[in-house]
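Okay, here's what each chain looks like letter by letter:
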Amino acid sequence: MPPKLNKIRPIRRPNLMNKEASEFEPCWDILRSALTDIHNKDASRLSFENLYRASYKIVLKRKGQLLYERVKAFEEDWFRDHVLPVIAELVSNNLISISLLRAPGASAHERRQTGERFLRGIRSAWEDHNTSMNMVADILMYLERTYVSDTKQPSIFAATIGLFRDHILRNRLGGAAGQLDQSFVIFDLVNAVMLDLINMERDGDIIDRNLLRQITSMLEALYETDDELENAKLYLTVFEPRFLAASQDFYRHECEKLLREGNASIWLRHTQRRLREEEDRCSTSLSVLTTDRIAKVVEQELIVAKLNDFLAMDGSGMKSMIDNDRYEDLSILYQLVSRVDKSKNALKAILQSRVRDLGLEIEQTLKNTDFSTPAAGAETEDATEDKSKAQSLSAAAQQTAAAIKWVDDVLRLKDKFDNLSTRCFNQDLVLQSAVTKSFSEFINMFNRSSEYVSLFIDDSLRRGIKGKSDEDVEIVLQKAIVLLRYLADRDLFERYYQKHLGRRLLGNKSEMHIEKELVRRMRAEMGNHFTSKFEGMFKDIELSKDLSNNYRDHVRNLGDVDTKNIDLGIHVLTTNNWPPDVMGRMAVQEDGGRADCIYPPAIKRLQESFFKYYLKDRSGRVLTWVASAGSADIKCVFPKVPGKESGPLSKERRYELNVSTYGMIVLELFNDLADGESLSFTEIQAKTNIPTQDLIRTLGLLSIPPKSRVLAKEPMSKNVKTTDRFAFNAQFVSKTIKIKVAVISSTSKVEDNEERKETERKNDQTRAHVVDAAIVRIMKQRKELTHTQLTTEVIGQLAGRFKPEISMIKKRIEDLLNREYLERIGGETAAYRYLA
Amino acid sequence: MADSKYITLVSRDGFEFVVLREAALVSPTIKGMLRSQFIEARTGRCCFAEIDGVILEKVVDYFHYWYRNRDKEEVPDMEIPVELCLELLMAANYLNLEPATGLRDWT
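The sections below set out a description of the structure shown in this document. (Residues numbered from 1 in each chain as written. Chains lettered and ligands numbered in written order. Predicted model: local features only at pLDDT ≥ 70, side-chain atom pairs only at ≥ 80, totals over all residues. Heavy atoms only, no water.)

**Digging into the packing of aromatic side chains**
No. 1: In this structure the tally under the stated criterion is 29 aromatic pairs over all chains.
No. 2: Ring geometry for Trp406(A) versus Tyr452(A): centroids 5.8 Å apart, planes at 65°, classification edge-to-face. Within this pair, whereas Trp406(A) is found in helix H21 (residues 391-423), its partner Tyr452(A) is found in helix H23 (residues 449-464), the two being separated by 46 residues in sequence. The residues Trp406(A) and Tyr452(A) share a single accessibility class, namely buried.
No. 3: Connected via pairs of aromatic rings, a cluster forms that spans Phe48(A), Tyr52(A), Tyr56(A), Tyr142(A), Phe38(B) and Tyr94(B).
No. 4: The residue whose ring lies beneath Arg202(A) is Phe250(A), and the NZ or CZ to ring-centre distance is 5.0 Å.
No. 5: A cation over an aromatic ring shows up here: Arg423(A) above the ring of Tyr327(A), its NZ or CZ 3.8 Å from the ring centre. (Phe/Tyr/Trp six-rings, centres within 6.5 Å; stacked < 30°, edge-to-face > 60°. Helix = DSSP H or I, 4+ residues; strand = E, 2+ residues; numbered from the N terminus. Buried < 20%, exposed > 50% of the residue type's maximum accessible area, 1.4 Å probe, protein only. Lys NZ or Arg CZ within 6 Å of the ring centre and 35° of its normal.)

**Here we look at the sheet that holds strand S3 (residues 678-680) of chain A**
Working definition: the strands of a sheet are paired by backbone hydrogen bonds and lie parallel or antiparallel to each other.
Residue and element names in this part refer to chain A.
No. 1: The three strands are arranged S3-S5-S4 in an open sheet whose pairing can be described as antiparallel. Each edge of the open sheet is held by one strand with a lone partner, namely S3 and strand S4 (711-714). With direction set aside, neighbouring strand axes in the sheet form an average angle of 30°.
No. 2: Pairing of S3 with strand S5 (residues 725-728), which is carried by three bridges, proceeds in the antiparallel orientation. By the bridge assignment, Ser 678 is partnered in S5 with Ala 727.
No. 3: Along the sheet face, helix H31 (residues 681-688) touches S3 and S5 and points at about 80° away from the line of S3. (Pairing = 2+ DSSP bridges. Axes fitted to C-alpha atoms, helices over the stretch in contact; angles between N-to-C directions. Contact = heavy atoms within 4.5 Å.)

**Examining the environment of Leu822(A)**
All names here are of chain A.
No. 1: Mapping Leu 822 onto the fold places it in strand S8 (residues 822-825).
No. 2: Overall, the relative accessible area of 2% leaves Leu 822 in the buried class.
No. 3: A C-alpha to C-alpha distance of 9.4 Å links Leu 822 and Glu 784, two positions 38 residues apart in sequence.
No. 4: In this structure, Leu 822 is in contact with Ile 775, Met 779, Ile 813, Leu 816, Leu 817, Arg 833, Tyr 834 and Leu 835, ignoring residues within four places of it in sequence.

**A word on the sheet that holds S8(A)**
Residues and elements named next belong to chain A.
No. 1: The three strands are arranged S7-S9-S8 in an open sheet whose pairing can be described as antiparallel. Each edge of the sheet is formed by a strand with only one pairing partner; in this case those strands are strand S7 (784-786) and S8. Across this sheet, the average inter-strand angle for adjacent strands is 30°, counted without regard to direction.
No. 2: Packing of helix H35 (residues 806-818) onto the sheet brings it into contact with S8 and strand S9 (831-834), and relative to S8 it is tilted by some 100°.

**Some points on the nonpolar core**
If you look at soluble globular proteins, the nonpolar side chains tend to sit buried side by side.
No. 1: Ranked by internal contacts, the top residues of the largest apolar core, which has 193 residues, are Leu9(B) and Phe63(B).
No. 2: With 12 residues, the top contributor of residues to this core is helix H12 (residues 234-261) of chain A.
No. 3: Excluding residues within four positions of it along the chain, Phe63(B) makes contact with Leu9(B), Val19(B), Ala23(B), Ala24(B), Val26(B), Ser27(B), Ile30(B), Leu95(B) and Leu97(B).
No. 4: Residues Cys597(A), Ile603(A), Val666(A) and Phe681(A) belong to the second largest nonpolar core, which totals 33 residues. (Core = buried A, V, L, I, M, F, W, Y, C linked by side-chain atoms within 4.5 Å.)

**Things to note about the environment of Glu793(A)**
All names here are of chain A.
No. 1: Following the sequence through the fold, Glu 793 ends up in helix H34 (residues 787-798).
No. 2: The sequence separation of Glu 793 and Ile 775 amounts to 18 residues, and the corresponding C-alpha distance is 8.5 Å.
No. 3: In this view, Glu 793 contacts Ile 778 and Arg 782; residues no more than four positions away in its chain are not counted.

**Examining the pattern of salt bridges**
All names here are of chain A.
No. 1: Under the counting rule described, the total for this entry stands at 62 salt bridges over all chains.
No. 2: Arg 80 serves as the salt-bridge partner of Asp 81, at 3.4 Å between the closest nitrogen and oxygen.
No. 3: A salt bridge links Asp 357 to Arg 354; the shortest N-O distance between them is 3.7 Å. A residue pair is termed a helical-turn pair when its members lie 3 or 4 positions apart in one helix, as Asp 357 and Arg 354 do in helix H18 (residues 345-371) at three residues. (Salt bridge = Lys/Arg side-chain N within 4 Å of Asp/Glu carboxyl O.)

**Some words on the interface of chain A and chain B**
No. 1: Taken together, the contact pairs 25 residues of chain A with 26 residues of chain B.
No. 2: There are three salt bridges connecting chain A and chain B.
No. 3: A salt bridge links Arg53(A) to Glu50(B); the nearest nitrogen and oxygen atoms lie 3.7 Å apart.
No. 4: If you look at where chain A meets chain B, you find 13 residue pairs in polar contact (both at pLDDT 80 or more).
No. 5: Mapped by element, the contributors of at least two residues to the side of chain A that touches chain B are helix H4 (48-60), helix H7 (108-139) and helix H8 (141-151) of chain A.
No. 6: Looking at the side of chain A that touches chain B element by element, the count peaks at seven residues for H4(A).
No. 7: Across the side of chain A that touches chain B, the residue classes tally to 14 nonpolar, four polar and seven charged. (Polar contact = N/O pair within 3.5 Å; in protein donor to acceptor, adjacent residues only side chain to side chain. Nonpolar A, V, L, I, M, F, W, Y, C, P; charged D, E, K, R; others polar.)

**Quick word on the state of the cysteines**
No. 1: Following the criterion strictly, the structure yields zero disulfides over all chains and no others.
No. 2: As a non-bridged cysteine, Cys47(B) has Cys46(B) as the owner of its nearest cysteine sulfur, 7.6 Å distant. (Disulfide = S-S within 2.5 Å.)

**Observations regarding unusual backbone geometry**
No. 1: With a phi angle near 50°, Asp325(A) is a residue other than glycine that sits in the positive phi range.
No. 2: Mapped onto the elements, Asp325(A) comes out in the loop between helix H16 (318-323) and helix H17 (327-340).
No. 3: Residue class for Asp325(A) comes out partly exposed when judged on its relative accessible area of 30%.
No. 4: In this structure, Asn96(B) is a non-glycine residue whose phi angle is positive, near 60°.
No. 5: As for its position among the elements, Asn96(B) is in the loop between helix H5 (85-94) and helix H6 (103-106).

The following block contains the structure:
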């Protein structure tokens, strides 16, 4: 024991030993009378040095133990004679019956008065005792420091302060206890009164908080035993458990009451207030040690216990909070639930189901819009204003509008939940990802989402962007990307986007830098493979622009007389990058053995001239002319109509017509026609070789709408039939010089069911190849795999692009087995081996 | 008086020493005297009935020596006349001066 080495042992000192004062009894007499004085608060005339010296001498005389016991005995006597009677007086029958037996009839006021008087008595006894014992401990400092600590006894202070616990708190109640079944000690009474006061405060009464705080301090200063172990404070061992149990009762009742009231909004605020109150109570009336524990009780009873009941409340539950944007309620709710459940499962579930329901509602609304044409017409101007329009056109336009409405609604919903996330949920990641998942779910449950999203972008870029500020454009771009993230069938989206983008680019309908920016963001989001085609398209357009300009220069230098009137703007498109319905129509014709459409001689010459120019630097390439994708500006002259002397018909009229390439080819035919002659549909088709459907549309546009009726149709009807005849409409008048004949396929529309099936079929074909490739890739690497493993790996590999159906994977595996890329290997479970 | 910056220590043979209160508080005994409601606390005078002036003087020297050097790293030795050693040890024990607070330096 190294410390011993440093201890200075008292040395027997002759001049101390010899004096009569060194005897024990005289010294004790001094101390005993001083103890009495101290208890009587009459110590100010005593000399500390004198008393200290007395105890010092006793210790030097090796009578420390005796002194220790004498002091204890003195204090016990003092308690019995002076303190207990005072307390006993306070423990009246009344107090017992009110506090312990909860006698009926006692008013809160009366209970509080009696209780507080009792606690004050306890407090004052405690304070006296505490002060006295501190003074005694000071006087006996030498005893403490040498004798007591050497003998490992409880310190003199601990021993004497503990008397309060043994003789007061643990004192059985005297005569008054007769009416009790069980035996109670004063401590029970103290607890009961404190808890009663706390409950009164919870009910809104004003109580003496300071008093509670002081009693708490007392309980914190007293321990179960004189060893004074830190976790054996009476406050922690006796009061706190009772306090927590009583609080649990209190809050359980309160929760039931709130449940009966049936208003979640009130419940939230009430719970929030209670939590605050309890925290407050711990710091002002009780001990901060309890803060966390009482919070747990409140959380358990007021939040966890009936959380789902409150959340599900009609009219005030979480559903209604979300629907009515009750931000404050939701904020509180979030804070409360976060306290009790880090994963916030309850909130997550309701948020998710709300997102899904609202999402499905959007789809439902949309369906109604689709089917009840006249009623839903209010949504799309075309339908109401122009009922006379061909039904098919109106329906298509309406569908496009519906697509945009769908996207708008989805975005609005997304905004709503984003807003909730920032305002109420502290941008909680758990909740955000849950909401995102639900969005993704309902969006992908809707089988047209890919097309609608692409269509929305198309619509925004086509007409929305013009005249908009950078910020507005930014918003549109962001929206587009947000939606894109949700889509699972990205390959399908890619297909639609390619189609719509192709039309925009060829039609010169949007601003290149915005298109590029959007694609750049898509690339950042989905990777290179997703955008490579789009980028190829941009490149084609840019190269084509240069090419057209260079060709123009080339022609000017040649001074070619024949083509000087025709200005050629050309788009050279790489087949793979562009949507098949721009490029693919040609393929169909070739398959069908049909020749390219017949161009007028002037155009033919132009084509040849360009082709020659093009091949100068790029020998070996093949150019195919796609008439269905182009347009032409034609200047036409309508001569003065004979016999008309006034009005517009009396003069020669010059108009500029903007028509599709087909339109141009058709109109050229009428240049060679004499006045009054007409051409039949079949004649036109024979001369031009334009596919029937396209020809019907082209002729329709040139002969039906009054604004662009440059051809007269016989008979006059709303539809073009293959039996109709067409003639030059010499009577044609237009208010504007420039006339735009709506170019076919210029606006993007929602596909009808037929088209959609076609698109899906094509998409499935592509998917089949992609799945094939994935299977082969995996098998090449792994050599052997069971069916289940292979399926899982395929789904994993393709997750970024689409979600392949199991049946499709199975079919592709079968196919690969047939083509002998794979073979089956025997065993209990189906498995395959890769054949190199 | 009780809150004065200085206190007075009185020896058995009547010598009085005025000491910086904060310096004297290094002794738990004196600290106890001054914090209770005893006469010493009221008057700021602590009488030591069994310590001689010559010893108390050295004790007071030590109080100030301790006070001056309490925050320092390099502390000069304090001169102790050999003939006072025993009695000083006795006094130090009485005043509850712990080895850690400097008693070790004395021995």
